[in-house]
Amino acid sequence: MIIDVHAHWGPWFFSMDVGAVAVNLAVMDRYGIDLAVVSATEAVIYDVRSGNRAMARVLETTDRFLGYLTVNPRRLADAERDLAELLPSGRFVGVKIHTDYSGSPVTSAQTREALALVAAYDLPALVHTWDTTPLDLAQACADIPGLRAIAGHMGANGWRYAVEAANSVDRLWLEPCFSHTEAGRFAAVAAAIDPRRLLFGTDATLIDPAAAYGAVLAADLDPVTAERVAWRNAAELFGVDPVRTDPSGTTRG
């Protein structure tokens, strides 16, 4: 079983050909991905309110997706309304915050307030990180009671800071997707942190899953760690029943 914790649904500004759910499912099938936790590109890039509602409608059409409700830290009133309105469906299991598109660094007052709101709802937050910003996200986890956060891209080229960040708190997870990954990056991270803090993410449909998939395979993980990366850690973090979501019906121990 494979759970992708960093995926997207909807067309991108540079390509209208990747907007259909069928495209997501075809990509998932190509790489054996059983379940993807997705955010709406419309919500991340353009309009958070309409994008979250479009995502809610799509989640009703397939059991292969679970949703991230996108939060723009500069529009917290919208975030509070969306959380109250859309969470009762049970299909949203986390929150997505893109600090760059929203112009709201992790250290900003508005993003700290957004993360506190997420923690109050007891939802994991997937947060865009780059360079040294995993350290800022780790500090937020330390400062905000109950906050559970995923460092998206595990800092990208700042993955060494992500190692330091993950080792400094016990409520920070790392996932590897990155469009310019370097050889040995994921293997080095996996060797340096608690394997319970590793997740699998692809950034599909922005990036083909081949990049993250190849990085994880090249790390030559031991079987226990490989299982944790592929699905077990994500299932625990998001409260996913692996038996119900595994198309093969195989019971997982």
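That block above? That's the structure.
The following refers to the structure shown. (Residues numbered from 1 in each chain as written. Predicted model: local features only at pLDDT ≥ 70, side-chain atom pairs only at ≥ 80, totals over all residues. Heavy atoms only, no water.)

What about the nonpolar core?
- Counting 85 residues, the largest nonpolar core has I3, M55, F65, L115, L172, F186 and F238 as its most contacted members.
- It is helix 10 (residues 223-238) that contributes the most residues to this core, seven residues altogether.
- Aside from chain neighbours lying at most four places away, what touches L115 is I97, V106, A125, V127, L137, A140, I144 and L147. (Core = buried A, V, L, I, M, F, W, Y, C linked by side-chain atoms within 4.5 Å. Buried < 20%, exposed > 50% of the residue type's maximum accessible area, 1.4 Å probe, protein only. Helix = DSSP H or I, 4+ residues; strand = E, 2+ residues; numbered from the N terminus. Contact = heavy atoms within 4.5 Å.)

Topic: the sheet that holds strand 1 (residues 3-9)
- The parallel open sheet is built from seven strands, whose spatial order is 1-2-3-4-5-6-7. The open sheet is flanked by strand 1 and strand 7 (172-174), the only strands paired with a single partner. Neighbour-to-neighbour, the strand axes of this sheet turn through a mean angle of 30 degrees, independent of strand direction.
- The pairing of strand 5 (residues 125-128) with strand 6 (residues 149-152) spans four bridges and is parallel. Residue pairing in the sheet places A125 in a bridge with A149 of strand 6.
- Each of strand 1, strand 2 (35-40), strand 3 (65-70) and strand 4 (92-97) touches helix 3 (residues 48-59); the most contacted strand, strand 3, lies at about 165 degrees to it. (Pairing = 2+ DSSP bridges. Axes fitted to C-alpha atoms, helices over the stretch in contact; angles between N-to-C directions.)

Here we look at the pattern of salt bridges
- The full count for this structure, using the stated rule, is 13 salt bridges.
- The salt bridge involving E85 is made with R53; its shortest N-O contact spans 2.9 Å. Within this pair, whereas E85 is found in helix 4 (residues 76-86), its partner R53 is found in helix 3, the two being separated by 32 residues in sequence.
- Overall, E85 belongs to the partly exposed group, its relative accessible area being 45%.
- Through salt bridges with shared partners, one network takes in R49, R53, D82 and E85. (Salt bridge = Lys/Arg side-chain N within 4 Å of Asp/Glu carboxyl O.)

Re the environment of A234
- Among the secondary structure elements, A234 is positioned in helix 10.
- On the basis of relative accessibility, which here comes to 1%, the residue A234 falls in the buried class.
- When neighbours within four sequence positions are excluded, A234 is seen to be in contact with I3, V5, L199 and G239.

Regarding helix 7 (residues 159-166)
- Buried within helix 7 are the following residues: W159, A162, V163, A165 and A166. End-on view of helix 7: buried residues confined to an arc of 165 degrees, all on one side of the axis.
- Where the residues of helix 7 are buried, they touch helix 6 (133-143), strand 7 and helix 8 (185-192). (Arc of directions from axis to C-beta.)

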